[in-house]
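# Residue-level structural notes
Residues per chain are reported as follows:
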Amino acid sequence: MNLFDWLCDEARAISAEAMLVPPSAEQLEWSEDERRTRWLQCLGLWPLPERTPLEAQVTGTLEREDYVVEKVDFQAAPGAHVAGNLYRPPRDRRSPIDEPLPAVLYLCGHTKGKINLTYQQNPRWFGSHGYVALVVDPIQLGECQGIHHGTFHQGRWDWYSRGYTPSGTEVWNGMRALDYLASREDVDASRMGVTGLSGGGVISWNLAAADTRIKCVSPVCQTGSMEQLICDRCIDGHCDCAHVINYFRWDTAHIGALIAPRPLLVAAGADDALWRPYAYKQQVHRVRRVYEAMGAAEMCRLVEDLSFHGYTPVLRKAIFEWFNRHLKGDDTPVTDDVTDFEEPEENLLVFGGTLPEDDTMGEIDKSLNPPAPPIAVRSADQWAAHQQDAIARLRAVSFRQIPESIQPRVRFARDEGGSGGRIAYRFDLDPGDGFEIRAHLTLPKERSIALPTLVTTSREARSPYAGGGADKPPVAEDIASGVVEVRGTGSTQIGEGLTWTVRRGTVICGFTLPERQTFDLLAGLALLRGQEAVGETAVYGQGPWAVQAIYAAILDPEVSEIVLEAPPASHEEPDTPELMGVLRVGDLPQNLALAWPRPITF
């Protein structure tokens, strides 16, 4: 089995098990708070950031015959500007509001943002039909600054170590947009809904699961499963905001269960290349079972058309009728569709073409997900308490999928011969998750006792032949050496493009590639330690591979020593191997100290 096939098996397992047996209404009720907390963790929003002043302003107004456009700016965090257009019915401003209106937050996909024709048409329909509709730019698009394509284009693997995903930023921006809508006297805050297309569709899912103020939701052309994302390599076509840090191995059905029993209409195109019918039908069916368990099966629906990625009149009509029914109590069939009028781009710009120079949205990954501060150590007892707590949190966050007791299964073993008075041995083993790796042990041919053994990971691109090849650490004659071909190295190497897919894909399956490599090293240590010729075991890590050695030692108290050569300085560096949410526990130097009192040699 190659690395991608193994990842596909993991994704299939997640999708197959997702809410297969729906919890009872009672189970859903008592677990809701815990499930929502877990979801916010996956978004990088737990604990929730401080709700700082919005500093909202309207920079201009467009008066049209049957609607008005307000050009709105608010700050989701200090200095982090979110630009949007608010569509509402016209009114005589000299008269008080007769009755607050239902509100719809409209979320854009990855085009030019709110000025794109599609993202004018839909909120405009709502604004001219008795709603207050706010459409906001996604980060990195339109007039909203920041970065969406971190791992996609810019090698920002540190995002995973921070526990950061731009989906979390989009959800937070959506929460603050709801705050803004609720602050307006023309909005009924008890009747707010959300919808959006493509990237806006996935944030519609995510926001509605995170914020119960959403009373009606309709994600469009952005519903699928982990199986489809990985096995069809659809993940290669999606930017980072389409995914979360999936600590708990959730799929879409789990997100839908957090929305239930609120009205949910999933809209899809059956010819959409990015989101296939086999995936969205399975997950929506599971969600409907949850709604059924809550006595609200009619509140969850799927509408689809034989169409590509985007809207059709069939989909739009169903969405408009869904919001009318559940936010207005109006079951009248919708007969009119959107208009083709396109407001000139310059008319809709909130900042008139000059973006705020001091915008902080570009640093939102750090402000939403700050690393844990180092503690001030004043006593050995204080450090021991911190050590115990930090290791427990590492196991709960970054290494959640690694069991405390690792029992590798040997599938094949043989003597590889040797030279220079040393004999090499090869072991093919399953570390415990179905993926086969290889370990090598090199021993002096003449020995009388169990020898201390220095164990490392395979690193070189060429073959680790005869005991680990060039990866074998230099050791004295009376010390044994071990090399573990962790996945993605040695006999399981893959090309650069597929490595990119796997690194992005593992994080939505509950781990990262370096985390699995740490697991493999731990399994190799357990196997080698079981050989009678092996005494105490130490680990050696060189360059970026020092990270796997460090955390293997932290998780395995039987490792006697850590030997490091040119290790990275920080998890905040994009080139440091990524571990999910590790910076929420501590940075690399602070976590390395958790090995105390075992020796560390540089």
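Here, every reference points to the structure presented above.
Below is a summary of the structure that appears in this document. Counting from 1, residues in each chain are numbered in the order their sequence is written. Residues qualify for local features only when their pLDDT is at least 70, as the model is predicted, and side-chain atom pairs are given and counted only at 80 or more; totals for whole chains, interfaces and linings, by contrast, use all residues. By convention in this description, side-chain values take in all heavy atoms of the structure and omit both hydrogens and water.

This part takes up the packing of aromatic side chains. Geometrically, a pair of aromatic rings is defined through the distance of the ring centres and the angle of the planes. Stacked, tilted and edge-to-face are the three classes assigned to paired rings of Phe, Tyr and Trp, where Trp is represented by its six-membered ring and a pair needs centres within 6.5 Å; plane angles under 30 degrees give stacked, over 60 edge-to-face, the rest tilted. Under the defined criterion, the tally for this structure stands at 16 aromatic pairs. One aromatic cluster is present, formed by W125, F126, Y131, F320 and F323 through successive ring pairs. Consider the ring centre and the ring normal. A charge sits over the ring if Lys NZ or Arg CZ is within 6 Å of that centre and within 35 degrees of that normal. Over the ring of F4 we find R233, and its NZ or CZ is 5.9 Å from the ring centre. The side chain of R503 reaches across the aromatic face of W157, ending 3.9 Å from its centre.

In this section: the pairing of strand 16 (residues 559-565). Only strands that DSSP links by at least two bridges are regarded as paired with each other. The helix count covers DSSP runs of H or I at least four residues long, the strand count covers runs of E at least two residues long, and both are numbered beginning at the N terminus. Note: strand 15 (residues 534-542) against strand 16, 5 bridges, orientation parallel. Counterpart to V539 in the pairing with strand 16 is I562. With the strands pointing away from the viewer, any crossover whose connection runs clockwise from the first strand over the helix to the second is right-handed. For the segment spanning strand 15, helix 18 (residues 546-555) and strand 16, crossover handedness is right-handed. In terms of strand pairing, strand 16 meets strand 17 (residues 600-601) through 2 bridges, oriented parallel. Bridging from a neighbouring strand, I562 pairs with I600 of strand 17.

In this fold, S31 is placed in helix 2 (residues 25-42). Within 3.5 Å is the distance limit for a polar contact, defined as a pair of N or O atoms, with the added protein rule that one can donate a hydrogen and the other accept it, and that residues adjacent in sequence qualify only through two side-chain atoms. Reaching out from S31, the side chain makes a polar contact with the backbone oxygen of Q27 at a distance of 2.8 Å.

Below, the discussion takes up the packing of helix 17 (residues 513-529) against helix 18. Orientation is described by axes fitted as lines to C-alpha atoms, over the contacting stretch for helices, and by angles from 0 to 180 degrees between their N-to-C directions. At a closest axis distance of 9 Å, the pairing of helix 17 and helix 18 adopts a crossing angle of 55°. Classified by the angle between their axes, helix 17 and helix 18 sit oblique to one another. You can see that helix 17 and helix 18 cross each other, and the crossing is right-handed. Side by side, helix 17 and helix 18 meet where P514, Q517, T518, L521, L522 and L525 of the first sit next to Q548, A549, Y551, A552 and L555 of the second. When the residues that make up the contact of helix 17 with helix 18 are grouped by side-chain class, the tally is 8 nonpolar, 3 polar and no charged. Geometric relationships in this document are graded by angle, where less than 35 degrees denotes roughly parallel, more than 145 denotes roughly antiparallel, 65 to 115 denotes roughly perpendicular, and other angles denote oblique. By convention, the crossing between two helices is left-handed when the near helix turns anticlockwise from the far helix through less than a right angle, and right-handed when the turn is clockwise. Here, residues are in contact when the closest pair of their heavy atoms is within 4.5 Å. In this classification, the charged set is Asp, Glu, Lys and Arg, the nonpolar set is Ala, Val, Leu, Ile, Met, Phe, Trp, Tyr, Cys and Pro, and all remaining amino acids, among them Gly, are polar.

Residue placement: V220 occurs in strand 7 (residues 214-220). Excluding residues that lie within four positions of it along the chain, V220 makes contacts with T195, G196, L197, S198, G201, A267, Y311 and I319.

Our focus in this paragraph is the nonpolar core. Within the largest apolar cluster, 140 residues are counted, with the highest numbers of intra-cluster contacts made by W39, L105, L134, L181, I230, L264 and Y551. At 9 residues, helix 18 tops the list of elements feeding residues into this core. If we ignore the near neighbours within four places in the chain, the residues touching L105 are L134, V136, G174, A177, L178, G193, V194, T195 and L207. Core analysis: the next-biggest nonpolar cluster, separate from the first, contains 33 residues, Y106, L197, L265 and L349 among them. We define the nonpolar core as a collection of buried residues of types Ala, Val, Leu, Ile, Met, Phe, Trp, Tyr and Cys that are connected through side-chain atoms lying within 4.5 Å of one another. Burial here depends on accessible area, computed with a 1.4 Å probe over protein chains only, as a share of the maximum for the residue type. Under 20% is buried, over 50% is exposed, and the range in between is partly exposed.

One speaks of a salt bridge when a side-chain nitrogen belonging to Lys or Arg is within 4 Å of a carboxyl oxygen belonging to Asp or Glu. Inspection of every chain in the model, using the stated rule, returns 41 salt bridges. Here D158 makes a salt bridge to R162, at a shortest N to O gap of 2.9 Å. Of the two residues, D158 and R162 are both situated in helix 5 (residues 158-162); the distance of 4 residues between them amounts to about one turn of the helix. As far as the burial class goes, D158 and R162 line up, both buried.

Looking now at the sheet that holds strand 12 (residues 437-444). Spatially, 8 strands are ordered 10-11-12-14-13-15-16-17 in an open sheet, and the strand pairing comes out mixed. Looking along the sheet, the strands with just one partner apiece sit at the ends: strand 10 (409-419) and strand 17. Pairing of strand 13 (residues 451-457) with strand 15, which is carried by 4 bridges, proceeds in the parallel orientation. Across the sheet, the residue bridging to V455 is V539, located in strand 15.

What follows concerns unusual backbone geometry. Put simply, W46 and P47 share a cis peptide bond, and its omega is -5°. Structurally, P47 is set in the loop between helix 2 and strand 1 (57-63). Cis geometry is found at the peptide bond from W596 to P597, where omega equals 10°. On the secondary structure map, P597 appears in the loop between helix 19 (588-592) and strand 17.

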